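# Fold and contact review
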Amino acid sequence: MTTKPRVLQVGSFSGSPSANQRLAKDYDVFELWKHADRKVALAEYGKGITAMVTSANMGANAELINALPDLKAICSWGVGYETIDVQAARERGVLVSNTPDVLTDCVADLAWGLLISGARRMSQGDRFVRAGRWGQVHGGIPLGTRVSGKKLGIIGLGRIGQAIARRGDGFDMEVRYHNRRARNDVPYGYEASLVDLAKWADFLVVATVGGPETRHLVNKEVIEALGPKGVIINIARGPVIDEQAMTAAIENGKLGCAALDVFEYEPKVPEALIDSDNTVLLPHIGSASYETRLAMEDLMLENLQSYFQDGKLVTPVE
Ligand code: DGY
């Protein structure tokens, strides 16, 4: 009888079609989330575990990494890994992988869905019809703002940012971006100042990585530079925007619209954003299509298999 390799699973992959079952089929899975006292469970069962599966949502902090003396690989589901202590892993010689590329198109598509929905008041229109108000209210819902031919600003021109930019061509938009540094491989204008980008843009899409370096990168000044006609779209990470400043700007009319898939304290959403007709609010579903979620679990499992086969990962994080 062959024994299955042992793998620690931090939490349940409830948003992935078959990750839990596929893991259980091929591995002897230690389901950490089922243990009320993590410390006790890790002390008892942690020895001998060489691989861990997790996600940005579940995380892997230094305490968890260091509680596993034999750990060699962390395979994460999803592209963002700001809650995985890569530095602590590196210090221990632990490899880390994520699932880039496979979700780029779906997240970019969703950014455009949010942009159009916010600009053209689609969610508000939907609520209006469902509430039976069509034909009852004089004038219907307020006018939206035109999308085609406008100016698109992108914060973070990585894989997803570029996919969002490319879609801008189809809407005859001029695209500019803000990054840590200018790229020499793209046809878009670079703005070294985020405030200048926001002043210029009609639509500002946040597509940068999360984590401490980008926390509140979009602050009150940036939000107010975008202004009362501007639409901000966030498909990256909630904390990149100062949510309190954004909420205040929506409340006092200093920002036109916020179309958001991510929030600073998920799943908490400020009441004022919920109450406003100038917001579009989604429950972090950027990658949530059947095809993409399956591709993410495939890639996470490929990384895990590759580690057990030859000690290497397919898509290691740099
Ligand atoms: C990611 O890949 O980081 C997403 O947020 C998960 O859906």
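Computed from a predicted structure; not experimentally measured.

## Thoughts on the pairing of strand β3 (residues 51–55)
In terms of residue burial, β3 counts as a mostly covered element, since 5 of its 5 residues are buried. Of the two faces of β3, the one carrying A51, V53 and S55 and the one carrying M52 and T54 are both buried. Here strand β1 (residues 6–9) runs beside β3; their pairing, made up of 3 bridges, is parallel. The residue of β3 that forms the bridge with V7 is A51. Pairing geometry for β3 and strand β4 (residues 73–77), over 5 bridges, is parallel. Opposite M52, over in β4, you have I74 as the bridge partner.

## Regarding the domain arrangement of the chain
Looking at the assigned domains, one finds that the chain contains domain 1 (6–101 + 291–310) and domain 2 (104–281). In this structure, domain 1 and domain 2 have C-alpha centres spaced 32 Å apart. Listed per partner, the contact involves 7 residues of domain 1 and 7 residues of domain 2. Summed over both partners, the interface of domain 1 with domain 2 comes to about 530 Å²; 46% of that surface belongs to carbon and sulfur atoms.

## Considering the sheet that holds strand β2 (residues 28–31)
Through backbone hydrogen bonds, the strands of a sheet pair up, either in parallel or in antiparallel fashion. Spatially, β2-β1-β3-β4-β5 is the arrangement adopted by the 5 strands of the open sheet, whose pairing is parallel. Across the chains shown, the open sheet's two edge strands, defined by having one partner strand only, are β2 and β5 (95–97). Taking the axes of each pair of neighbouring strands and ignoring which way they run, one obtains an average angle of 25 degrees across the sheet.

## A closer look at the layout of surface pockets
Left-over empty space is what a probe sized like a water molecule reveals as it rolls over the atoms. By volume, the second largest pocket is sized at about 210 Å³. Taken together, 19 residues form the lining of the second largest pocket, with G118, A119, R121, T145 and C257 sitting closest to its centre. Counting residues per element, the ones that place at least two in the lining of the second largest pocket are α5 (104–119), α6 (122–130) and β12 (279–281). Counted by class, the lining of the second largest pocket contains 6 nonpolar, 9 polar and 4 charged residues.

## Some thoughts on the packing of aromatic side chains
The relation between two aromatic rings is expressed through the spacing of the ring centres and the mutual angle of the planes. On inspection of all chains with the given rule, the structure shows 6 aromatic pairs. Here W112 and F171 contribute two aromatic rings whose centre-to-centre distance is 4.5 Å and whose plane-to-plane angle is 10 degrees, an arrangement assigned as stacked. You can see W112 sitting in helix α5 and its partner F171 sitting in the loop between α7 (159–169) and β7 (174–178), a full 59 residues away along the chain. F171 sits in the partly exposed class, given a relative accessible area of 26%. An angle of 55 degrees between the planes, with centres 5.3 Å apart, marks the rings of Y177 and Y190 as tilted. Of the two residues, Y177 sits in strand β7 while Y190 sits in strand β8 (residues 189–190), which places them 13 residues apart along the sequence. Take Y177: its relative accessible area is 0%, and that puts it in the buried class. Judged by relative accessible area, Y190 falls into the partly exposed class, the value being 29%.

## Side note on the site of the ligand
Inspection of the region around the ligand gives G78, V79, G80, L103, R237, H284, S287 and R293 as its neighbouring residues. For the ligand, an oxygen atom lies 2.9 Å from a polar atom in the backbone of G80. Between an oxygen atom of the ligand and a side-chain N or O atom of H284, the distance comes to 2.8 Å. The protein chains hide 87% of the 240 Å² of surface that the ligand would expose on its own.

## Observations regarding the sheet that holds β8
Pairing in this open sheet of 7 strands is parallel, and the strands run β8-β7-β6-β9-β10-β11-β12 from one edge to the other. Two strands close off the open sheet at either side, each with one partner strand: β8 and β12. Pairing between strand β6 (residues 151–155) and β7: 5 bridges, direction parallel. Each residue of the ladder has a partner; that of I155, found in β7, is H178. Contacts from helix α10 (residues 243–251) reach β10 (231–234), β11 (257–260) and β12 within the one sheet, and its direction differs from that of β11 by about 135 degrees.

What counts as what
Residues numbered from 1 in each chain as written. Predicted model: local features only at pLDDT ≥ 70, side-chain atom pairs only at ≥ 80, totals over all residues. Heavy atoms only, no water. Buried < 20%, exposed > 50% of the residue type's maximum accessible area, 1.4 Å probe, protein only. Helix = DSSP H or I, 4+ residues; strand = E, 2+ residues; numbered from the N terminus. Pairing = 2+ DSSP bridges. Domains from an automatic or database assignment. Contact = heavy atoms within 4.5 Å. Buried area = accessible area lost by both parts, 1.4 Å probe. Axes fitted to C-alpha atoms, helices over the stretch in contact; angles between N-to-C directions. 1 Å grid on protein atoms, 1.4 Å probe; cavity = no way out; pocket = protein on both sides within 12 Å on 5 of 7 lines; lining within 4 Å. Points joined across faces, edges and corners; volume = space filled by probe spheres on them. Nonpolar A, V, L, I, M, F, W, Y, C, P; charged D, E, K, R; others polar. Phe/Tyr/Trp six-rings, centres within 6.5 Å; stacked < 30°, edge-to-face > 60°. Near = heavy atom within 4 Å. Polar contact = N/O pair within 3.5 Å; in protein donor to acceptor, adjacent residues only side chain to side chain. Areas by Shrake-Rupley, 256 points an atom, 1.4 Å probe, with all protein chains shown as cover.

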